[in-house]
Amino acid sequence: MENNDVVLVVGANDVVNSSAQEVEGCAIWGMPIIEVWRSKKVIFMKRSMAGGYADLDNPVFYKENTDMLLGDAKKTADALAAKVRARFDQA
């Protein structure tokens, strides 16, 4: 993960929740997870800051390298893709 400039997390929560490694005894303790917080920048696209299936707060949301892009993920992803396409069209 350290070699990634940006990780875009769309709708996921528990599978990228650092509590599985940091909060001994929590509901997902020891569960294999994707360590997205090790990348240079993490962007979460979610409807809200709510917990996932395990209903746990995700400490990754509050790490310095994380930004939250709240809202409908499909609409947001479509808008981002349109901006990227427009930028490439200008080049």
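A brief look at the structure comes next.

### Some thoughts on the overall build of the chain
Part 1 of the argument: Broken down by element type, the chain carries two helices and three strands.
Part 2 of the argument: Beginning at the N terminus, the succession of helices and strands in the chain can be written as β-α-β-β-α.
Part 3 of the argument: Dimensions of the chain along its principal axes, counting C-alpha atoms only, are 50 × 30 × 20 Å.
Part 4 of the argument: Taken across its 91 residues, the chain has 27% of its residues classed as buried.
Part 5 of the argument: Long-range pairs, those at least 24 residues apart, make up 61% of the contacts in the chain between residues at least 6 apart in sequence.

### Points about the pattern of salt bridges
Part 1 of the argument: One pass over the structure, following the stated rule, counts five salt bridges.
Part 2 of the argument: A salt bridge links K40 to D5, with the shortest nitrogen-to-oxygen separation between them at 3.2 Å. A residue pair is termed long-range when its members are at least 10 positions apart, and K40 in the loop between α1 (19-22) and β2 (41-46) and D5 in the segment before β1 (6-10) qualify at 35 residues.
Part 3 of the argument: Judged by relative accessible area, K40 falls into the exposed class, the value being 52%.

Scoring rules and cut-offs
- Residues numbered from 1 in each chain as written.
- Predicted model: local features only at pLDDT ≥ 70, side-chain atom pairs only at ≥ 80, totals over all residues.
- Heavy atoms only, no water.
- Helix = DSSP H or I, 4+ residues; strand = E, 2+ residues; numbered from the N terminus.
- Buried < 20%, exposed > 50% of the residue type's maximum accessible area, 1.4 Å probe, protein only.
- Contact = heavy atoms within 4.5 Å.
- Salt bridge = Lys/Arg side-chain N within 4 Å of Asp/Glu carboxyl O.

By themselves, these observations are geometric and do not establish any function.
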